[in-house]
Amino acid sequence: MAHPTIKIAPSILSADFARLGQQVVEAAEAGADYLHVDVMDGHFVPALTFGPLVIAAIRPLVRIPLDVHLMITAPERYLKEFADAGADILTVHVEATGHLHRTLETIHALGKRAGAAVNPGTPLAALEEALHQLDLVNIGTVDPGFAGQPFIQAMLPKIARMRRLLDEGGYGAELEIDGGANVQTAPPAVAAGARVLVAGSAIFNQHGSVADNLHRLRDSLSGFSPGSQ
């Protein structure tokens, strides 16, 4: 059996938008721990995706937390809108906000869990000084903007370094990896220290049901103990 501390957060970016409500419910009923919602503005990343209205529409359908990843420029402008729509976790990019500490304080003041994300090419030093404020650290394991990209293997040492920073500093933030998680890439990411796996095309695809795909991903983690490399 997979280790119970590992959480899976299906990314609805890969869902069938014509059946979004149904697939959100399927993921929750299959045992998803979070639902990951990628908000993109066409500026910080090339694509345009969801806004607060989509979050408000899916919020009543499930009880699990909505993990809202704001891939948008100056996310501090929209925190209240996403919080009011039903987000439970609000994650901002260190590359996209000029005042990370203030932005994280605002998220907490709104009663939400605060996360910070770093792109693959961004050093961990960009968020080290904010670790005490964080409930979640999102390590980008693909360049943000599109679903279905391959996992960047060079991110494994970065995951392990962040795991050590969190553990040695006594910080309580969850360590999340975002991009390319599947039955092949999830086990080494967990071995490196990841605790939350964002999975899109591995969960929402034409090769199996949402439940079967989610269970297959969990099963791939059997025998892999969370830890540091």
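To start, this report covers the structure provided alongside it. In this text, all values refer to a predicted model and were calculated from it rather than measured experimentally.

With that out of the way, let us pick up the sheet that holds strand S5 (residues 113-118). Spatially, S1-S8-S7-S6-S5-S4-S3-S2 is the arrangement adopted by the eight strands of the open sheet, whose pairing is parallel. The open sheet has two edge strands, strand S1 (7-10) and strand S2 (35-40), and neither has a second partner. Sheet twist, expressed as the average angle between the axes of neighbouring strands with direction ignored, equals 25 degrees. Both S5 and strand S6 (residues 136-140) contribute to a ladder of four bridges, which runs parallel. Directly across from Ala 117, in S6, lies its bridge partner Asn 138.

Relative to the assigned elements, Ala 28 resides in helix H1 (residues 20-29). On a C-alpha basis, the gap between Ala 28 and Leu 53 in space is 20 Å, while along the polypeptide they are 25 residues apart. Excluding its chain neighbours within four sequence positions, the residues that come into contact with Ala 28 are Val 62 and Ile 64.

On to the packing of aromatic side chains. Geometry of an aromatic ring pair is reported as the spacing of the ring centres plus the angle between the planes. One pass over the structure, following the stated rule, counts one aromatic pair. For the pair Phe 17 and Phe 50, a centre-to-centre distance of 5.5 Å together with 65 degrees between the ring planes defines the contact as edge-to-face. Of this pair, Phe 17 sits in the loop between S1 and H1 while Phe 50 sits in the loop between S2 and helix H2 (52-58), placing them 33 residues apart in sequence.

Residue placement: Ser 220 occurs in the segment after helix H8 (210-219). Reaching out from Ser 220, the side chain makes a polar contact with the backbone oxygen of Leu 217 at a distance of 2.6 Å. Each residue touching Ser 220, except ones within four places of it in the same chain, is listed here: Val 183, Ala 186 and Pro 187.

Any space left empty among the atoms is revealed by the rolling of a water-sized probe across them. The space that makes up the largest pocket amounts to roughly 370 Å³. As for the largest pocket, its lining consists of 32 residues, of which Val 142, Gly 148, Asp 178, Gly 179 and Gly 180 are closest to the centre. Every element with two or more residues in the lining of the largest pocket is listed here: S2, strand S3 (66-71), S6 and strand S8 (196-199). Partitioning the lining of the largest pocket into residue classes produces 14 nonpolar, 16 polar and two charged.

Parameters at a glance
- Residues numbered from 1 in each chain as written.
- Predicted model: local features only at pLDDT ≥ 70, side-chain atom pairs only at ≥ 80, totals over all residues.
- Heavy atoms only, no water.
- Pairing = 2+ DSSP bridges.
- Helix = DSSP H or I, 4+ residues; strand = E, 2+ residues; numbered from the N terminus.
- Axes fitted to C-alpha atoms, helices over the stretch in contact; angles between N-to-C directions.
- Contact = heavy atoms within 4.5 Å.
- Phe/Tyr/Trp six-rings, centres within 6.5 Å; stacked < 30°, edge-to-face > 60°.
- Polar contact = N/O pair within 3.5 Å; in protein donor to acceptor, adjacent residues only side chain to side chain.
- 1 Å grid on protein atoms, 1.4 Å probe; cavity = no way out; pocket = protein on both sides within 12 Å on 5 of 7 lines; lining within 4 Å.
- Points joined across faces, edges and corners; volume = space filled by probe spheres on them.
- Nonpolar A, V, L, I, M, F, W, Y, C, P; charged D, E, K, R; others polar.

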